[in-house]
Amino acid sequence: MLQRMIARTGLSPKLMLGYAGVLIFMMGEGLEQGWLSPYLIEKGLSVQQSALLFSVYGFAAAIAAWFSGVLAEIYTAKRVMLVGLVLFMIGSVLFLTIGLPSNHLMTMIPTYALRGLGYPLFAYGFLVWVAYEAPRERLGSAVGIFWFVYSGGLSVLGVLYSSIALPILGEIHTLWSALIFVMLGATIALFLNRGKDEAEAQREKPTLAYVLKGITIAFENPKIGLGGIVRTINTSAAYGFVVFMPTYMMDFGFTRTDWLHMYAALWGVNIIFNLLFGIISDGLGWRNVVMWFGCIGCAVTTVLFFYLPQWLGANYLATIVIAGLFGACLAAFVPLSALMPSLAPENKGAAMSILNLGAGLSTFVGPAVVGLFIGPFGAAGVIWIYTGLYLLAAVLMKFVTLPAGDASADSGNTRLIKQKGAL
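Here is what the cut-offs are and how they apply
Residues numbered from 1 in each chain as written. Predicted model: local features only at pLDDT ≥ 70, side-chain atom pairs only at ≥ 80, totals over all residues. Heavy atoms only, no water. 1 Å grid on protein atoms, 1.4 Å probe; cavity = no way out; pocket = protein on both sides within 12 Å on 5 of 7 lines; lining within 4 Å. Points joined across faces, edges and corners; volume = space filled by probe spheres on them. Helix = DSSP H or I, 4+ residues; strand = E, 2+ residues; numbered from the N terminus. Nonpolar A, V, L, I, M, F, W, Y, C, P; charged D, E, K, R; others polar. Axes fitted to C-alpha atoms, helices over the stretch in contact; angles between N-to-C directions. Parallel < 35°, antiparallel > 145°, perpendicular 65-115°, else oblique. Left-handed = near helix turned anticlockwise from the far one by under 90°. Contact = heavy atoms within 4.5 Å. Phe/Tyr/Trp six-rings, centres within 6.5 Å; stacked < 30°, edge-to-face > 60°. Buried < 20%, exposed > 50% of the residue type's maximum accessible area, 1.4 Å probe, protein only.

1. Details of empty space enclosed by the protein
Applying the stated rule across the entire model yields five cavities of 30 Å³ or more. Computed from the structure, the largest cavity encloses a volume of approximately 170 Å³. If you go around the largest cavity, you meet 19 residues; those closest to its centre are Trp147, Ser151, Arg231, Asn234 and Thr235. Mapped by element, the contributors of at least two residues to the lining of the largest cavity are α7 (139-191), α10 (222-234), α12 (256-284), α14 (316-331) and α15 (336-343). In terms of residue count, the dominant contributor to the lining of the largest cavity is α7 (five residues). Along the lines of polarity and charge, the residues of the lining of the largest cavity split into 11 nonpolar, seven polar and one charged. Every residue along the wall of the second largest cavity is listed here: Glu29, Glu32, Gln33, Phe54, Tyr57, Tyr112, Tyr119, Leu154, Tyr239, Val242, Thr363 and Pro367.

Here it is as structure tokens:
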């Protein structure tokens, strides 16, 4: 089924191998997402300390994500992905042999952060590859497939695997098994995917000074900067949830397995809608989909996800449904990956660096909000902060428009591409 969907986009076989590799790689990266925080809290860390650990990890990921776009322009996507693999492997080994056994926060932080440098270079380096290789008129669909495999591995298959592996292997051995998926995914995406990329062969390689473009472009083109802020807000709540929502849900009678199923449902629905919103946005308009289905939709479902257990108790089915609706709304931000490079067609890599920075910062901002505000305002206060951020993102999206033919861009991107060649 997935291969038929990819074939309909007109993507090359190389990209299909890349998609498969990213799916498996991210499965290894994400298998601890739903349970590592409560596990560390059980071992003696406070909620705030756990939030700090995940925030620093997210900050490291944000830095790597920021540089992934411009480095892929300079050194090619495959080389950047290879560096990401190496950093992830080294960080994982150090975290599992030194950081985690120490049960000491200041030892855990640098080893876990080194691990966080790796996956953005691998995944977002490939996203730059997609931006160049995908057919111009189907870019929304192409990035939708990327986020399908990214989220599918990170937050669905990885979480489901953990729910099966944890009772059998235990926490430590489950974490070690992540390296198997990471190596398998990298082998498919890189070592089986040989040959020079046509898009890379045709474009002129920038110099190392181009790295600065990944910073200055946000000021030269403020719309790109606004898009980066919106992308930061996009998944911030989802990454913040893993810090405090498992404990919150268990207080209402849910089990850890119930929470893992909720989290898997959230991202399971998300990956389906990554594809759907990618395709829909090519006709309905990239900005419209992000603003209404993404920003407004996430504001509403964030509140519902938190308050539903208070209203209905440990209602498994109802909570699973709301988690899925939140995941669907998260997917509506997918068209940003088509809109951002279209705002700077001569500097796609730099524009993607700002987008990737936002994606990385969301893994920092989400837990940071928990760490800063759960003490004075409680869990409910954190939820309303996330809600306010989504409403702010909706306002910002009013200004993120293509430089020419804005009305056409908002009502049908495909027609604009045919008329202007804007991508």
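2. What about the packing of helix α11 (residues 236-251) against helix α16 (residues 348-397)?
Packing of α11 against α16 leaves a shortest axis separation of 6 Å and a crossing angle of 55°. The angle between α11 and α16 places the two elements in the oblique class. α11 and α16 meet at a crossing whose hand is right-handed. Across the interface between the two elements, Ser236, Ala237, Tyr239, Gly240, Phe241, Val243 and Phe244 of α11 pack against Ser362, Thr363, Val365, Gly366, Pro367, Val370, Ile374, Ala379, Val382, Ile383, Tyr386 and Tyr390 of α16. Residue classes in the contact of α11 with α16 are distributed as 14 nonpolar, five polar and no charged.

3. Points about the packing of aromatic side chains
On inspection of all chains with the given rule, the structure shows 30 aromatic pairs. Relative to tyrosine 39, the ring of tryptophan 35 lies with its centre 6.1 Å away and its plane at 70°, an arrangement referred to as edge-to-face. Across this residue pair, the class does not change: tryptophan 35 and tyrosine 39 are buried. With a centroid separation of 6.0 Å and 80° between ring planes, the pair formed by phenylalanine 54 and tyrosine 112 is classed as edge-to-face. In this pair, phenylalanine 54 sits in helix α4 (residues 47-75) while tyrosine 112 sits in helix α6 (residues 105-133), placing the two residues 58 residues apart along the sequence. Neither residue differs from the other here; phenylalanine 54 and tyrosine 112 are each classed as buried. Members of the aromatic cluster, each reached through a chain of ring pairs, are Tyr19, Tyr124, Phe126, Trp129, Phe146 and Tyr150.

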